[in-house]
Amino acid sequence: MASQQLQLNIGWLYPKLMSTYGDRGNAICIQQRALWRGYNVEIIPIDTEATIADIEGVDVIVGGGAQDRQQEIVMRDLKGSKASALKAKLDSGTPGVFTCGSPQLLGHYYEPALGQKIEGLGLLDLVSKHPGIEANRCIGNVVFEIVASKLAEDLRKTLGEVPLIIGFENHGGRTYLGKVEALGKVVKGYGNNGEDGTEGAFYNNAIATYSHGPLLPKNPFLADWLIKTALSEKYQTEIELTPLDDTLAMQARTAMFKRLGVNNSERMAS
Ligand code: GLN
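The chain has the name Lipid II isoglutaminyl synthase (glutamine-hydrolyzing) subunit GatD in an unreviewed UniProt entry, where Merismopedia glauca CCAP 1448/3 is given as its organism. Recorded under Pathway (unreviewed entry), the UniProt text for the chain is reproduced unchanged: "Cell wall biogenesis; peptidoglycan biosynthesis." The chain has a UniProt comment under Subunit (unreviewed entry) that states "Forms a heterodimer with MurT."

Laid out in structure tokens, this is it:
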């Protein structure tokens, strides 16, 4: 299939309300890596103005972090038909990356430090609770191994290894997983709750994580996994991506691993 014919529609959840923590970098990273390969790209905001057809037309979904107050507004708007359309997309295998406040909304509920419990979409079997305004926020660099089996397998197939993920977390809420698979196992940092060593969640082709950074420019192979999965699902044929020169990103990763005292080469998930 000629690359010019390929069209990637990126759905971006509430860009104005859910961009507090720099996660727009994930949308830009997917967009740019697709453009470099000659694909047509459109970014479609999934916000208060969005229609159900808009949601149905996206190939990959990006959701960023937000403050508790914004999460409440988003959840009020998302309820009902928009929530069902989003659910249907993720259930049918549309890939996505949901960071921090977004996974809290995809779970059963989020209990903020102040105010009422925010009901979530119940798509991921997890709950999130803020332990209160006196509690420390979980802030800092985070490194984790990918344990989600499909994602790890796909990355090993493409890269020959499963690289560590590096990012930056900043959350008050603590997430507790039910039956949903964890995305990763924490090497450095807090992850979901600072207690059980889990980080994020993985559902169908949806990555849920506490890791900002933004995540994708720091771990470009994840952006490529999203693009490849999105296009392969859309065109129902295995799409191979042209490799890009990621030397600078890889050097930045090496510098961060060194700074954090993490031996990257010995820390590949097995
Ligand atoms: N408001 C949520 C929390 O503090 C999410 C924060 C975020 O998205 N970084 O837990």
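Caption draft 1: Highlighting the environment of Gly107. Looking at the secondary structure, you find Gly107 in the loop between α5 (101-106) and β5 (109-111). Classification of Gly107 by relative accessible area gives buried; the value is 0%. Sequence separation between Gly107 and Met256 is 149 residues; the distance between their C-alpha atoms is 31 Å. For Gly107, the contacting residues outside a window of four places in its chain are Gly120, Leu121, Gly122, Leu124 and Leu126.

Caption draft 2: Just the sheet that holds strand β3 (residues 60-63), in detail. Reading across the sheet, the 6 strands line up as β2-β1-β3-β4-β14-β13 and stay open at both edges, with mixed pairing between neighbours. Strand pairing shows two members of the sheet lacking a second neighbour, β2 (40-46) and β13 (201-203), which therefore form its edges. Ignoring which end each strand starts from, the neighbouring axes of this sheet average 15° apart. Two elements, strand β4 (residues 96-99) and strand β14 (residues 206-209), share 4 bridges in a ladder whose sense is parallel. In the sheet register, Thr99 faces β14, and the bridge partner there is Thr209. The strands touched by helix α4 (residues 81-91) within the sheet are β1 (7-13), β3, β4, β13 and β14, with β3 carrying the most contacts at an inclination of about 120°.

Caption draft 3: Fine view of the side chain of Asn205. Secondary-structure assignment places Asn205 in the loop between β13 and β14. Apart from residues lying up to four places away in sequence, Asn205 is in contact with Gly93, Thr94, Pro95, Gly96, Lys150, Trp225, Thr229 and Glu233.

Caption draft 4: A look at the environment of Met18. One can find Met18 in the loop between β1 and α1 (24-36). Accessibility expressed as a relative area gives 2% for Met18, which makes it buried. Along the sequence, Met18 and Leu78 sit 60 residues apart, while their C-alpha atoms lie 13 Å from each other.

What counts and how
- Residue indices begin from 1 for each chain and proceed along its sequence in written order.
- Selection of residues for local features in this predicted model requires a pLDDT of at least 70, selection of side-chain atom pairs for listing and counting requires 80 or more, and totals for whole chains, interfaces and linings are taken over all residues.
- The side-chain figures draw on all heavy atoms in the structure; neither hydrogens nor water molecules are used.
- UniProt positions are given in the numbering used here, feature names are shortened, and annotations may be inferred rather than shown by experiment.
- Each helix is a run of DSSP H or I of at least 4 residues and each strand a run of E of at least 2, with the numbering of both proceeding from the N terminus.
- Think of it in three bands: with a 1.4 Å probe and only protein chains considered, a residue is buried below 20% of the maximum accessible area for its type, exposed above 50%, and partly exposed in between.
- Working rule for contacts: check all heavy atoms of both residues, and any pair within 4.5 Å makes them a contact.
- The pairing criterion for strands is at least two bridges between them, as found by DSSP.
- To get an axis, fit a line to the C-alpha atoms, keeping to the stretch in contact for a helix; angles then go from 0 to 180 degrees between the N-to-C directions.

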